[in-house]
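Coordinate inspection notes
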Amino acid sequence: MKKVPLTLNVNSEKIELTVKPHRTLLEVLREQLDLTGAKEGCGEGVCGSCTVLMDDKPVRACLTLALEAADTRIVTVEGLAQGGKLDPVQDALIRNGAIQCGYCASGMVMAAKGFTLSGAEPEEDTIRKALSGNICRCTGYQKIVESVKEAAISPAGAETRPNLSMLHKTDKAGQFEIVGTRMPRVDTRAKVTGGAKFTADLAFPHMLTGKILRSPHAHARIVDIDTRAAENLPGVKAVLTGKDTSGRKWGVFRYTVDQQFLPTEKVRYFGEEVAAVAAVDEDTALEALGLIQVTYEELPAVFDPMAAMAPDAPLIHEDFPQNINIHVPINVGDVEKGFSESYYVREDTFTAAEESYFQAEPYAVVAKFDADGNLDIWCPNAGPHMKSKPLSNALGIPLHKVRVRKITIGGHFGGRSEIAPADYICALLARKAGRPVKIVYTREENTVSTRQGHSMITTIKTGVNKEGRVIARDITCYMDGGAYSSTGPIATSVPFLSMEQAYRMENVRYNGYRIYTNKPIRGMIRVHGRSFACGIDTQLDMIGAHLNIDPVTMRLRNAREVGDTTCTGSYVGSCAMKETIVKAAEKAGWDKKIDRLPPYHGIGIGCNSVQTGFPMGIRGGSQAFIKLNEDGGVTVVSGVVDNGQGNDNMLVQIAAQELGLLPEDIQLVTADTELTPSDPGAYSQVSTFVGGQAVQIAAQNAREKLFDIAADALEASKDDLVAKDRMIYVKGSPDKGIPLKKVVRMGLIQGRGVTGEGGYWPKTDPKREWVKNPYGQMCEAFSYGTTIVEVAVDPETGQVKVLDVTAAQDVGFAINPMVLEGQFQGSVAMGGQGGMLTEYHFWDDKGRVMNPTMLEYKVPLAVDMPNVNSIIVESIDPKGPYGAKEAGMSIAMSAAQAYSAAVSNAVGVYFDEYPITPDKILEAIHKKQNLT
Amino acid sequence: MRLPRFEYLEPKKIGNALDYLKTYGDSCRILGGGTDLLVRMKQRLCQPAYLLSLKSLGVLEGIRQGNGEVVIGARTSLAAVSASPFVREELPALHQAMESIGAPSIQRHRGTIGGNLCQDTRCLFYNQSAFWRSGKAPCHKAGGQTCYARQDSDRCHSTFQSDGATALSVLDAKVAIVGSKGKRKIPLPDLYSTVGEHPLTLEPDEILTDIHIPIPQAGSSSAYKRLSFRSAVDYPIVSVAVFVRTEKAVIREARIAVGAMGRAPLILLQAAGKLNGKSVTDAQAMDDAVGQCMDLASAFAVDNVGATVDYRSRMVSVLARRAFEEALAEIQ
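Residues numbered from 1 in each chain as written. Chains lettered and ligands numbered in written order. Predicted model: local features only at pLDDT ≥ 70, side-chain atom pairs only at ≥ 80, totals over all residues. Heavy atoms only, no water.

Moving on, we come to the overall build of chain A. From N to C terminus, chain A includes 25 helices and 34 strands. Rg of the C-alpha trace for chain A: 28 Å, near the compact-globule value of 30 Å for 932 residues, within the 12% margin. Projected onto the principal axes, the alpha-carbon positions of chain A cover approximately 80 × 75 × 60 Å. Classification of the 932 residues of chain A by burial places 67% in the buried group. By sequence separation, contacts in chain A at least 24 residues apart represent 78% of the contacts at least 6 residues apart. Total accessible area on chain A stands at roughly 30,400 Å², and carbon and sulfur atoms take up 49% of it. Here chain A contributes 99 positive and 112 negative side-chain charges, whose respective centroids are spaced 2 Å apart. (Helix = DSSP H or I, 4+ residues; strand = E, 2+ residues; numbered from the N terminus. Rg over C-alpha atoms; globule rule 2.2 N^0.38 Å. Buried < 20%, exposed > 50% of the residue type's maximum accessible area, 1.4 Å probe, protein only. Contact = heavy atoms within 4.5 Å. Areas by Shrake-Rupley, 256 points an atom, 1.4 Å probe, with all protein chains shown as cover. Lys, Arg positive; Asp, Glu negative; His and termini not counted. Charge placed at Lys NZ, Arg CZ, Asp CG, Glu CD.)

Given below as structure tokens:
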């Protein structure tokens, strides 16, 4: 294919190149001009992450041919900051804490810039509309909209590298200077200027493009794979099939070992990996895939979990009869006796289709071996140490030669925790080809071939006393796990555990079943079990209605309290659940609204709790190191990973606070398995509690040593010293201190070099196991949250407009209130707005997801999202760093519950099937009208 | 997602464009904004050997008035059509349709009105990647012999979801076409074949050049209502355009078109006819008219846009009623 000449004007620079006609502007920017700010989040013009300006108008670079950009002025995010001065939009986004994972940021910035250039009125409505073509999965859009409004109204611009020490205010009258403040995140600047590197942005010399061939059948035996034609295609440097692997199976748990990274015998879901190639470019790799001949023998497939358990159902895994992957049995107290003593008993069943993560960043892997056989690998992850060990096992090389590197990650939400076949495949291709290999998933691959949420059928039988206090509960839950186990035991347990943490229940029986089907693999997801959580809460409303008890009162009467022990045996050290209920109800005006709203308006409440950690064996703790430079700068080395939620910034705040330094003095080395010690990862919600605490302890350790030296120099007692504003001084005499950097130098001269080290291991019950022994101390702290939502339903169309959302969460201690607000807002978007109103997968009869794309799977847009009132409640947990505990997940779950309750209240019907789409609402309204 | 390979043609004059089209015929596709075509090419639903860009054919762009009509060049961007004060005031249905398409500040600058009218029909079973469609027999629209949206049907039931076409169908629009055999001008509805496999009646060597819309008489108005899952980005799952002209509070002329239910906008003359001669406050007549819209439209719809036929059908009457209410209020 002949290349043609093209002259582009990009960021005011005239560039002459040659391109193949079928190259898009996005590909040319990213691959030929090294401008990787614009991203390919979907490739079909929906997500907006590829937005650039063409003659001052925002356009989709992924749907614009490079040749069509001739004779136009293209501006990318890299070209916005002028002479070192940030654009007002970029500056506002940083100051308002509006960016989280940052994958959508480049596109969002350019769309916002297009808006400000258009001269349109910067009202909230017009801004939301202007940004509705940019999909963000993390933030819920609220702070982005605020930032764009600010930038449009007062476009003063700002110097780059704002002096962060000037920006944070002390929120807690003198208690802490750095933690507890609304500090802008340290990672935002790189994200809004297009400088942050995600996996697909990486490029190395001689790098090859890898592509994976996937099964077009949901269940089939692999009879033969003929790769000869693919191997002989010029430009192809490596081809892999299951024959190139040991064929060993892998599993997250010893008792869930069921997956080969490249199957040798059969495929179990549509989209499963079957073969892979690495070639000199993507066109060649795609062509090579087309030349691989796979002979399949189709097998009967099963797609419904109940059908999968039937005696005549096709067996998906030999070792798992009836296709039952996991059974979690919990039995506490005496459930039957409890029911017999109950004043009112009812049983209801709730179902929910599966939902999906739709992280903004499609999965990608880059693998590279060096001359000494060390593997460097980059991929989105929720804990690099969770990837390195299985890779080490599978590749047969020791851990110290497997280096999972730090990379900017575009969202996780539970779907990137464990090793993926692509990780192993990419490494194997790199080894075989002797060159670096990059594999980038399409949006469809990310949806089908990574993880999805479980669909669930939950039957809940609850008995209460006259006051509505729950006496006994019996819950059975069937979950569709898809073709492999993944983190099955965890996913089967957490929906129940969240509710036993949130509400008191002494007599409880829970039977959770995860069933294999020939569907894509399901994993842990931020909204753990819509039908479960919404079921428990909706049933409380139903019971309350029967007993004439208000929903808020029902929650208060059943709420967890500090000092309790959960029914599976976890002591609750801090709990402000009731405070979150009361404060949310007050802010939302519950008393004035309940039963007093206009027809088809409704208000609902949801409460939930999330564990801050779970037993992780050798991965349970985190260690950190601190290195001090002789000019007073510091490097913190920690295994904590940042998926976009703000963990890097959290470490900076903690280290600066403990050492009396400023945030700009702190450098981070994180989430790198060569350099950083083991850490539990982000998916058990312990990044702050365990990882942050390890850094706190390491910083205190360094401070101790600094004080030893300073005490001598100041002729004072170590116990009287404080470290603040880069100085060390005796309490009360800040003018008579020594600069910290001087103390460091003194230490180096005296042979007392200062480094810090520390670790934190939560005390959990080591005998607690998900399936065999689901009892004992689960973790050291639990978060508690309440969301209240007010909606208006259009009775003619069934469409829902959300009028008001209030989210209150007991976070223990707010290390950064601005970051927390962002978490609450994003949680409402994912769990509530999307999770309850529009998000679900539907299928054809052969196990294909009908809606794998950003167009057909409906993630909320800026124009549909309500504003969220955030209420931070601090119970100061005795074990958490500064009292902090989990804060990123509880609201996602309580929001789902509140949305469900609010819509139910608006229509006067309790919905038991989720999501609650307009057609279901309309049907319920008609049914009700026909009955009355 | 990568595009398949093709040769890129950028004619500087219409004549050259027509020559290319004549030479390459069916192996050549016209590239306007590319927001529909390029996605389908990435999915390998079509792989033309040639793309003919309209980039240098500025003559196809612009909005001009004269001779009692407004003429919109086919290559005019959706944003420009929407921003036109004339369109906003005189052709509200068209303005509302333009405003509803895609994402406000993104598709609208590249997407063209001609492209919107000439978009392909869609179906959830068809508009999927090449990989998704592998491992099963191709459907009628993909060159095969089966339909997945309606079991065992002998024809394609893909859905036409163009907002622009539905709105223009009630505005008495005509489209000007030029080809190797010369020029022709046809009423917009004649542009559509209602055959799912080949939804347009354009010959391979023809280009749509302009849209001609008569300036509406005084005492008339129009409205366009559509439903989608989200308030932007999504294609409509059902839509209704109406035009109404009144005289002394009596409806003299009514037009109704329903979109996203069939293979072309459904022009419901009979239902609209129920309103002629009726008072603007005749609730029974309105009920009858919108009820008949629902009945007529539901026969055409198939479950292939992500919402049930039942729901979309019911919404036809809701949207029709709301569209008429708005158009009638606008006349006041």
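This part is about the overall build of chain B. Broken down by element type, chain B carries twelve helices and twelve strands. Relative to a compact globule of 332 residues, whose C-alpha radius of gyration would be 20 Å, chain B shows 20 Å and is just as compact. Expressed along its principal axes, the backbone C-alpha trace of chain B runs to roughly 60 × 50 × 35 Å. Within chain B, the fraction of its 332 residues that count as buried is 59%. Partitioning the contacts of chain B with sequence separation of at least 6, the portion at a separation of at least 24 is 62%. Of the roughly 12,500 Å² of accessible surface on chain B, 48% is carried by carbon and sulfur atoms. Of the side-chain charges in chain B, 40 are positive and 33 negative, and the distance between the mean point of each set is 5 Å.

Next up on the list: the packing of aromatic side chains. Residues and elements named next belong to chain A. Evaluated as defined, the whole model comprises 24 aromatic pairs over all chains. When the ring of W250 is compared with that of F261, the centres are 5.6 Å apart and the planes differ by 35°; the resulting orientation is tilted. Remark: F261 occurs in the loop between β10 (236-241) and β11 (266-267) and W250 occurs in the loop between β10 and β11; sequence separation between them is eleven residues. Per residue, the accessibility class of W250 equals that of F261, and both read buried. (Phe/Tyr/Trp six-rings, centres within 6.5 Å; stacked < 30°, edge-to-face > 60°.)

Turning our eyes to something else, we now look at the sheet that holds strand β4 (residues 63-66) of chain B. All names here are of chain B. On the basis of which strands lie adjacent, the open sheet formed by five strands has the order β4-β5-β8-β6-β7 and antiparallel pairing. With partners counted over all chains shown, the strands left at the sheet margins are β4 and β7 (182-187), one partner each. Mean inter-strand twist for the sheet, computed between neighbouring axes without regard to direction, equals 25°. Sheet topology note: the strand β5 (residues 69-73)/strand β8 (residues 207-214) ladder contains five bridges and is antiparallel. Bridge pairing links V71 to H212 in β8. (Pairing = 2+ DSSP bridges. Axes fitted to C-alpha atoms, helices over the stretch in contact; angles between N-to-C directions.)

Take the nonpolar core next. All names here are of chain A. One finds L131, F496, Y510, W770, V791, V903 and I921 to be the most contacted residues of the largest nonpolar core, which totals 159 residues. Top contributing element to this core by residue count: helix α24 (residues 890-907), with eleven residues. Among all residues touching F496, those that are not within four sequence positions of it are I330, I475, V508, Y510, F532, C567 and T568. (Core = buried A, V, L, I, M, F, W, Y, C linked by side-chain atoms within 4.5 Å.)

To continue, consider the confidence of the model for chain B. Here chain B averages 96 in pLDDT, and 100% of its residues register 70 or above. Interface predicted TM-score (ipTM) for the complex: 0.97; the corresponding pTM is 0.97. (pLDDT = per-residue confidence, 0-100.)

Another point: the interface of chain A and chain B. Counting residues at the interface gives 71 residues for chain A and 54 residues for chain B. At the boundary of chain A with chain B, total buried surface from both sides reaches about 5,400 Å², with 57% on carbon and sulfur atoms. Considering only the surface of chain A that becomes buried against chain B, L63(A), E68(A) and M850(A) emerge as the three largest contributors, covering 12% of it. At the junction of chain A and chain B, the tally comes to eleven salt bridges. Note that D234(B) is salt-bridged to K858(A), the shortest N-O span being 3.2 Å. The interface formed by chain A and chain B contains 26 residue pairs in polar contact (both at pLDDT 80 or more). Taken together, the elements giving at least two residues each to the side of chain A that touches chain B come down to α1 (25-32), β3 (51-54), β4 (57-60), α4 (124-130), α9 (282-291) and α25 (918-931) of chain A. Broken down by class, the residue content of the side of chain A that touches chain B amounts to 31 nonpolar, 17 polar and 23 charged. (Buried area = accessible area lost by both parts, 1.4 Å probe. Salt bridge = Lys/Arg side-chain N within 4 Å of Asp/Glu carboxyl O. Polar contact = N/O pair within 3.5 Å; in protein donor to acceptor, adjacent residues only side chain to side chain. Nonpolar A, V, L, I, M, F, W, Y, C, P; charged D, E, K, R; others polar.)

This brings us to unusual backbone geometry. Residue and element names in this part refer to chain A. Cis peptide bonds are those with omega within 30 degrees of zero, and the linkage from Y914 to P915 qualifies with 0°. The residue P915 is located in the loop between β34 (913-914) and α25 in this model. Of note, I876 is a non-glycine position whose phi angle comes to about 45°, a positive value. Mapping I876 onto the fold places it in the loop between β33 (868-873) and α24. Looking at I876, the relative accessible area reads 45%, which means it is partly exposed.

Residues and elements named next belong to chain A. Counted residue by residue, strand β31 (residues 782-793) has twelve buried out of twelve residues, so it is predominantly covered. Neither face of β31 is exposed, since F782, Y784, T786, I788, E790 and A792 on one face and S783, G785, T787, V789, V791 and V793 on the opposite face are all buried. Strand direction decides the pairing type here: strand β23 (residues 601-611) and β31, joined by eleven bridges, are antiparallel. By the bridge assignment, G604 is partnered in β31 with V789. Of the pairings in the sheet, the one linking β31 to strand β32 (residues 800-810) comprises ten bridges and is antiparallel in character. When the bridges of β32 are listed, V789 appears paired with V805. The antiparallel pairing of β31 with β32 creates a hairpin that spans six residues between the two strands, and G798 there sits at a positive phi of about 80°.

Moving on: the sheet that holds strand β11 (residues 250-259) of chain B. One key point about sheets: their strands pair by backbone hydrogen bonds, in either a parallel or an antiparallel sense. If you trace the four strands from one edge of the open sheet to the other, you get β9-β10-β11-β12 (chain B), paired in antiparallel fashion. For this open sheet the edge positions go to β9 (220-227) and β12 (266-267) of chain B, each flanked by a neighbour on one side alone.

Quick look at the domain arrangement of chain B now. All names here are of chain B. Partitioning chain B into structural domains gives domain 1 (1-56), domain 2 (60-118 + 159-214) and domain 3 (220-331). Taking the mean C-alpha position of each, domain 1 and domain 2 sit 19 Å from one another. In this complex, domain 1 contributes 14 residues to the contact, which on the side of domain 2 involves 13 residues. In this assembly, domain 1 packs against domain 2 so that about 1,100 Å² is buried in total across both faces, 72% of it on carbon and sulfur atoms. Counting across the interface, domain 1 meets domain 2 through zero salt bridges. Counting across the interface, domain 1 meets domain 2 through two residue pairs in polar contact (both at pLDDT 80 or more). (Domains from an automatic or database assignment.)

Attention shifts here to the packing of α25(A) against helix α12 (residues 309-331) of chain B. One can describe the packing of α25(A) onto α12(B) by two numbers: an axis separation of 10 Å at closest approach and a directional angle of 70°. On the basis of their axis angle, the class for α25(A) and α12(B) is roughly perpendicular. Contacts between α25(A) and α12(B) involve P918(A), D919(A), L922(A) and H926(A) from the former and Y311(B), R314(B) and M315(B) from the latter. Its residues assigned to classes, the contact of α25(A) with α12(B) comprises four nonpolar, one polar and two charged. (Parallel < 35°, antiparallel > 145°, perpendicular 65-115°, else oblique.)

Owing to its 3.6 residues per turn, the α-helix brings residues three or four apart onto one side. Residues and elements named next belong to chain A. Within α9, burial applies to E282, D283, T284, A285, A288 and L289. Next to the buried residues of α9 lie β8 (208-214), α8 (228-232), β10 and β12 (273-279). Near the N-terminus of α9, the side chain that reaches the backbone nitrogen of D283, with its oxygen 3.3 Å away, is that of D281.

Before going further, it helps to spend a moment on the packing of helix α16 (residues 530-547) of chain A against α24(A). Residues and elements named next belong to chain A. Look at α16 against α24: their axes get within 9 Å of each other, and the N-to-C directions meet at 45°. Compared by their axis directions, α16 and α24 come out oblique. When you trace α16 past α24, the crossing you get is right-handed. On α24, the residues touching A533, C534, D537, T538 and D541 of α16 are A896, Q897, S900 and A901. Broken down by class, the residue content of the contact of α16 with α24 amounts to four nonpolar, three polar and two charged. (Left-handed = near helix turned anticlockwise from the far one by under 90°.)

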